[in-house]
There are 4 protein chains.
Amino acid sequence: MTGNTFGKAFAISTFGESHGPAIGVVIDGCPPNISFDADLVQTELNRRKPGQSAISSPRKEAEEFEILSGVFEGKTLGTPIAIIVRNKDVKSQDYDALKDVYRPSHADFTYMLKYGIRDHRGGGRQSARETVARVLGGAVAKMVLNTLGVRIQAYVSSVHDLEVSKSYDELDLNLTETNVVRCPDETLAQKMIAAIEKAFDEGDSLGGTITCVLSNVPAGWGEPVFDKLNADLAKAMLSINAVKGFEIGSGFTGTRMKGSTHNDSFASLSGEIRTLTNHSGGIQGGISNGEDIYFRAAFKPVASIKKEQNSVSTGHENVKINIDGRHDACVVPRAVPIVEAMAALVLADHYLRQNAYGMQPFA
Amino acid sequence: MTGNTFGKAFAISTFGESHGPAIGVVIDGCPPNISFDADLVQTELNRRKPGQSAISSPRKEAEEFEILSGVFEGKTLGTPIAIIVRNKDVKSQDYDALKDVYRPSHADFTYMLKYGIRDHRGGGRQSARETVARVLGGAVAKMVLNTLGVRIQAYVSSVHDLEVSKSYDELDLNLTETNVVRCPDETLAQKMIAAIEKAFDEGDSLGGTITCVLSNVPAGWGEPVFDKLNADLAKAMLSINAVKGFEIGSGFTGTRMKGSTHNDSFASLSGEIRTLTNHSGGIQGGISNGEDIYFRAAFKPVASIKKEQNSVSTGHENVKINIDGRHDACVVPRAVPIVEAMAALVLADHYLRQNAYGMQPFA
Amino acid sequence: MTGNTFGKAFAISTFGESHGPAIGVVIDGCPPNISFDADLVQTELNRRKPGQSAISSPRKEAEEFEILSGVFEGKTLGTPIAIIVRNKDVKSQDYDALKDVYRPSHADFTYMLKYGIRDHRGGGRQSARETVARVLGGAVAKMVLNTLGVRIQAYVSSVHDLEVSKSYDELDLNLTETNVVRCPDETLAQKMIAAIEKAFDEGDSLGGTITCVLSNVPAGWGEPVFDKLNADLAKAMLSINAVKGFEIGSGFTGTRMKGSTHNDSFASLSGEIRTLTNHSGGIQGGISNGEDIYFRAAFKPVASIKKEQNSVSTGHENVKINIDGRHDACVVPRAVPIVEAMAALVLADHYLRQNAYGMQPFA
Amino acid sequence: MTGNTFGKAFAISTFGESHGPAIGVVIDGCPPNISFDADLVQTELNRRKPGQSAISSPRKEAEEFEILSGVFEGKTLGTPIAIIVRNKDVKSQDYDALKDVYRPSHADFTYMLKYGIRDHRGGGRQSARETVARVLGGAVAKMVLNTLGVRIQAYVSSVHDLEVSKSYDELDLNLTETNVVRCPDETLAQKMIAAIEKAFDEGDSLGGTITCVLSNVPAGWGEPVFDKLNADLAKAMLSINAVKGFEIGSGFTGTRMKGSTHNDSFASLSGEIRTLTNHSGGIQGGISNGEDIYFRAAFKPVASIKKEQNSVSTGHENVKINIDGRHDACVVPRAVPIVEAMAALVLADHYLRQNAYGMQPFA
């Protein structure tokens, strides 16, 4: 009811405020006897953590995780896996000035409207620090998916007006992690970095998009009505802080195509049924068809900027506001592992859900 | 687990195949003592039904609904409201030719992969006829929201490359229902109708977009983490057949703005806190802030076209396919009430969820 | 949230008021490709229906069911199965006298407290007529369980102070359906019938107990913490109208045993691990162990009696009340198929839930 | 799906193995702005903890709790409250001998059947140590209920064949905590203590019953079909380790009464509607009626005994087993706060659920 849990069969529940003792996750529904890959967890945390590069927030978090349950002698038990990360580099006094003012385009105001109370330090629960828990959960989901050979690869496809022109299958996605902006187009990556540095110097922020590719997903995953695989992916993405849009397959561009062009013709290739194009984005009627699933998420420019802004106080007076905390000028590069984590959670959930009904896919 | 239910506190469960005996819905969680507005139900069904105009499918369905439970002497009882609509004008023989072939970009193939069985007649459960049940549920959600003065208005904002250039607040949304294409820009509406007729003559299909505006939504609705109001709206939209994209507020365009421009400054106007712009689309941190909520959904061109297509048989042989059924060349106008229904369901659900925790909004 | 749905993976949602148009169920999560056994459905309905014998209510319901969805050419589709039974023999005027009075030990009063509105005709949704929907759902659950060889057998083990002295495994449960009171002890059955007839003549009512045996249940079903198989069975039973108690295995008697006697010793019999006694009732730590599961449910005497009673009006005045409707003097015999249905629903749900996590039981 | 979560609106999710790093709970759905009563939490933990008296297990746990989230400046935030208790006095080597053998009437065997893996140390997740998390959650539920004046009082009503003969309303429940066996009948309490000590000396164990009284519960709580207040209480109780039975109100005894005696006559007392008797146990049709709710749970004798037993090895060989760990001869006294915690969770959940639908109770 409170929306702190995501997933039905493979589910995570997250908890924690930005400047509270810890951020944590309970991963429920992980099958037993999966080898627990602690390195993968740390790798994913590192990809998300602040201070990882010149273009990210200077908050320093070692992001050491502690497993509290569910893993025994290196294997999952089938019981809930609880993992926490302590909040260490909290400078709550930085936020004292914000106690009595609502930051524009932040959730300070709506939290107060909803709850009548808020932890103003570092944004409390509204902080993107909550996504630490998602990355932890996503790492475990990846462990499950790895046993099936499913691959999840996200990358930055645009920063502000700098947009990758090639489609995902024309790029070498192995290059994504070779630069700090996580864009596999090396030339554009350098321009993006320069743009982000410039925005930082100006005390401003930039948005962008992330494209995510799910390959080797078995056919038959996803439920055909409300829990379409694409619908759950859309929700997963829009649940990430700062995401304002989602499109899958042909997306908004597809609205300008005609059916005769948009339809993905089937062909039997050596007896295997495949589609000759993939405007559907690997999902038809909400169910995976075995082709690549690809989608794009839109991130608005982050709300925390250094420039002076007009706002109001908690006492309803008009005030000027200057935000001094440690912020990214562009969160999109650090959001890449978060997008992957949420996608992994959707897939792991639908994998188990399809198992429940026991059908072996055939055609 | 099967995704035939939508919502947590105000929830609908839908059932029915396109050519089965009936399509139906169970609406669970409707508060007691709400006046049941049967006219509203019929109005919404009529807006969705086939054969309503020259540009929609000739399938003739009176769409008479029968209430099976939950309403007594014109009031809701607080118990489940079950409503069914019988399928009458079924010409299942039209689909005999499709029994052994998979239609491109339809869910025939993925249903077979998932279930190993399908009702091929009229698409079975994968048919958009399932949305009759959503419109029924949405009508009841609207009854609840009407008691609060919440207003839901959707309209066609583009067909193929014909796009409304004005933003929603520059249009007179009362004009939406004055033309069959449901576009409040009268001049463009005529062009859209002509384009749809041309596509129909060519045996082709067109996509488009629908914009939806939710006004007078109380502040404080929506849960801040996974069940953000925007995340649930995204899922709601992507769960509609043919939808491939969603954006809220500034959406994809917002990714090209800078934070200093994108941020919605707060101002205290006569002591009431408002935002001076609304790039956020009425939601901050997943919670409504009292401003208009507006979003856009992208519909691909419908997959059923008359032009000959390449496909495969259920026996995995390459075949040519010609689809003869009764189809719309552009479903977007008929999808307007469906978009509204799904949005109403999201809002009614979050209304009750916020009630559960008993807080009175204040600021 | 409203508790009209039971089950997580195999779930039923019921709807309908006693004197409304219909009672119905949506069965969600039934695996595809199960042969639909319509005879089984009718048989179960007949076992539950009023007027089936001299000792049951004279309300005459043919209890004809109509399948609205989810079944195609005799097989389940994997989509929701909606089934309804029309209410035909409604004599709502019988209840006019009860419109303004609260019947003792009925839910008239609490419904009014909860909802502020109620359908007083025949008890509305509070009527045990709602269990028609459970029997429909249970019949489909049995179809699933039948494919696994699981057997569900309930019988009347006591009426008032007439109690079967033998344990379930000393009885021939095939005799249960040979008498109208559904007690496999033939001699006691006749005494029970006489007692019920006497109570009927006195305008009074009798309670009793039902014992239920689940045999051939695979080991490994049930979740070890909150959704213990025994916990879900307890909830299932207590959710049936008039049930006031539940015990499994040694139950209340077991509280007077010592651990050294109560513990079920394991033994390896031809390499298969079995228990030498079964005080646990086939479940250890909430998980089935492969032995017989047996439990007992306590039914209070039904509240509708003809004797004059003291009560109050809806206007809060003290009144005398005489109830004239058509009632059973003892509902316990007709509750046997309801107990079986609820048990079947619990088992089918846990079967699918165990499937989700993909483990093959081994030891 | 895995049953590690209890509740729908006010929900707890528990995690942790007996000898793992910690036992924990995430409490989700606690309303904001509730004063957090840390003393209450510690008091409840102390009532449950081992080593609290001469008749309980000598395992020494300080049971210090740490709040990880959801509480700020002494108030609940409305966000998830995570609390953990570290496992300190773990003597895992005590369990080495049990690694390869299944203890009779324990869940060792069924865990292995279900998961194919288990943490054998101290019973892992099957250990009643998991109930630490329930007590934590229950304490927070009590904080919510305290704001409404709801009172929850459980006590030991029997140990083995020593049974309190008075009904709950003839006892002074303030005496419950004055003796280590938690029985408000002081004379019987001493006999119970003697019996437990004797069983301990014999290396045996005893069962018993706990009666629980919920007073001042507002009318209108509980859902009328599957989630009857009594059904959820039954599930709550049967989910506690070692519980084999549940009865509410007249329970099993009521099956031997006639309707004319069992029915609770209504009377208008100074305009307030009350019942003159309370065989219903404060719940009619699954909904609270404002009278005291009382029920009884049956605990089997605990399975861990020192006497030699017959069992089997994981290799399917017949073996003798001697269990040396630190165990209670009778867990019933320590289960009193667990019963209260589970009852509190059920009530808090139904309180919020009733809020969701916004009705103000009236009659």
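The structure this text deals with has already been given above.
This is a predicted model, so every value here is computed, not measured.

Asks: So what exactly am I meant to see when it comes to the sheet that holds strand E3 (residues 22-28) of chain C here?
Replies: What links the strands of a sheet is backbone hydrogen bonding, and the strands pair in either a parallel or an antiparallel sense. All names here are of chain C. What the five strands build is an open sheet, ordered E1-E2-E3-E7-E4; its pairing is antiparallel. The sheet is open, and its two borders are formed by strand E1 (5-6) and strand E4 (65-67), each paired with just one other strand. Pairing geometry for E4 and strand E7 (residues 81-86), over three bridges, is antiparallel. Paired with Glu66 across the strands is Ile84, a residue of E7.

Asks: Help me understand the interface of chain B and chain A in this model?
Replies: Frequently, the measure chosen for interface size is the accessible area that the parts lose on association. In this assembly, 115 residues from chain B lie in contact with 115 residues from chain A. In total, chain B and chain A occlude about 9500 Å² of area from one another, counting both sides; carbon and sulfur atoms represent 59% of this. On the chain B side of the interface with chain A, the three residues burying the most area are Met1(B), Lys114(B) and Phe226(B), jointly 10% of the side's total. Linking chain B with chain A are ten salt bridges. In this structure, the connection of chain B to chain A is made through 49 residue pairs in polar contact (both at pLDDT 80 or more). Per-element tally for the side of chain B that touches chain A: the top contributor is helix H2 (residues 108-115) of chain B, with seven residues. Grouping the amino acids of the side of chain B that touches chain A by side-chain chemistry returns 46 nonpolar, 45 polar and 24 charged.

Asks: Would you mind going over the relation of the copies chain B and chain A with me for this structure?
Replies: Copy one and copy two of the chain differ by a rotation about a common axis and a shift along it. Here chain B sits on chain A after a turn of 180 degrees about the axis and a move of 0.0 Å along it, with an RMSD of 0.0 Å. Viewed as a symmetry operation, the transformation between the two copies matches a two-fold axis. Comparing interface residues between copies, 99% of those in chain B also sit at the interface in chain A, which points to an isologous, same-surface contact.

Asks: For this particular structure, what's the right way to read the interface of chain A and chain D?
Replies: Taken residue by residue, the interface counts 40 residues in chain A and 40 residues in chain D. Taken over both partners, the interface formed by chain A and chain D buries close to 3200 Å², and the fraction arising from carbon and sulfur atoms is 63%. Together, Leu68(A), Phe72(A) and Ile117(A) form the three largest contributors to the area buried by chain A at its contact with chain D, with a combined 18%. Between the two partners, chain A and chain D, sit two salt bridges. With a shortest N-O distance of 2.6 Å, Glu66(A) and Arg86(D) are connected by a salt bridge. Where chain A packs against chain D, one counts 13 residue pairs in polar contact (both at pLDDT 80 or more).

Asks: Got a minute to help me understand the pairing of strand E14 (residues 272-275) of chain A in this structure?
Replies: Along any regular strand the residues' side chains alternate between the sheet's two faces. Every second residue of E14(A) is oriented toward a common face, the buried set being Ile273(A) and Thr275(A) and the non-buried set Glu272(A) and Arg274(A). The antiparallel hairpin formed by strand E13 (residues 266-269) of chain A and E14(A) contains two residues in its connecting segment, where Ser270(A) sits at a positive phi of about 55 degrees.

Asks: How do you make sense of the environment of Arg103(B) when you look at a structure like this?
Replies: Within the fold, Arg103(B) resides in the loop between strand E8 (101-102) and H2. What Arg103(B) contacts, discounting residues up to four positions off in sequence, is Phe266(A), Tyr95(B), Leu98(B), Asp108(B), Gly123(B), Gln126(B), Ser304(B), Ser311(B), Ile321(B) and Ile323(B).

Asks: Would you explain the packing of helix H8 (residues 332-356) of chain B against helix H8 (residues 332-356) of chain D in this entry?
Replies: Two measures define how a pair of helices packs: the angle their axes make with one another and the distance between the axes. With their axes 7 Å apart at the nearest point, H8(B) and H8(D) run at an angle of 135 degrees to one another. By the angle between their directions, the pair H8(B) and H8(D) is classed as oblique. Crossing of H8(B) over H8(D) shows right-handed handedness. Across the interface between the two elements, Leu352(B), Asn355(B) and Ala356(B) of H8(B) pack against Leu352(D), Asn355(D) and Ala356(D) of H8(D). A per-class count over the contact of H8(B) with H8(D) returns four nonpolar, two polar and no charged.

Asks: Explanation requested: the sheet that holds strand E17 (residues 293-299) of chain D in the structure shown.
Replies: As summarised here, the arrangement of the ten strands in space is E10(C)-E9(C)-E11(C)-E17(C)-E12(C)-E12(D)-E17(D)-E11(D)-E9(D)-E10(D), forming an open sheet in which the pairing is antiparallel. The open sheet has two edge strands with one neighbour each: strand E10 (162-163) of chain C together with strand E10 (162-163) of chain D. As defined by bridge partners, strand E11 (residues 208-215) of chain C adjoins strand E17 (residues 293-299) of chain C across seven bridges and the pair is classed as antiparallel. The partner of Ile210(C) across the bridge, within E17(C), is Ala297(C). Against the sheet, helix H8 (residues 332-356) of chain C touches strand E9 (151-159), E11 and E17 of chain C, its axis set at about 145 degrees to E9(C).

Asks: What am I meant to see in the relation of the copies chain A and chain D here?
Replies: For the match of chain A to chain D, the screw axis carries a shift of 0.0 Å, the RMSD comes to 0.0 Å, and the turn is 180 degrees. Counting the interface residues of chain A, we find that 98% of their copies in chain D are interface residues as well, pointing to one common contact surface.

Asks: For this particular structure, what's the right way to read the environment of Ala335(C)?
Replies: Residue and element names in this part refer to chain C. Take Ala335: it is sitting in helix H8. Judged by its relative accessible area of 3%, Ala335 is buried. For the pair Ala335 and Arg134, spaced 201 residues apart in the sequence, the C-alpha separation amounts to 11 Å. Leave out the neighbours within four places in its chain, and Ala335 touches Ile210 and Phe299.

Asks: Got a minute to help me understand unusual backbone geometry in this structure?
Replies: All names here are of chain C. Residues other than glycine seldom take positive phi values, yet Glu63 does so here, at roughly 55 degrees. Relative to the elements of secondary structure, Glu63 occurs in the loop between helix H1 (38-48) and E4. Classification of Glu63 as buried rests on a relative accessible area of 1%. One non-glycine residue, Ser105, lies in positive phi territory at about 60 degrees. Its relative accessible area of 6% is what places Ser105 among the buried residues.

The rules behind these values
Residues numbered from 1 in each chain as written. Chains lettered and ligands numbered in written order. Predicted model: local features only at pLDDT ≥ 70, side-chain atom pairs only at ≥ 80, totals over all residues. Heavy atoms only, no water. Pairing = 2+ DSSP bridges. Helix = DSSP H or I, 4+ residues; strand = E, 2+ residues; numbered from the N terminus. Contact = heavy atoms within 4.5 Å. Buried area = accessible area lost by both parts, 1.4 Å probe. Salt bridge = Lys/Arg side-chain N within 4 Å of Asp/Glu carboxyl O. Polar contact = N/O pair within 3.5 Å; in protein donor to acceptor, adjacent residues only side chain to side chain. Nonpolar A, V, L, I, M, F, W, Y, C, P; charged D, E, K, R; others polar. Least-squares fit on C-alpha atoms with pLDDT ≥ 70 in both. Buried < 20%, exposed > 50% of the residue type's maximum accessible area, 1.4 Å probe, protein only. Axes fitted to C-alpha atoms, helices over the stretch in contact; angles between N-to-C directions. Parallel < 35°, antiparallel > 145°, perpendicular 65-115°, else oblique. Left-handed = near helix turned anticlockwise from the far one by under 90°.

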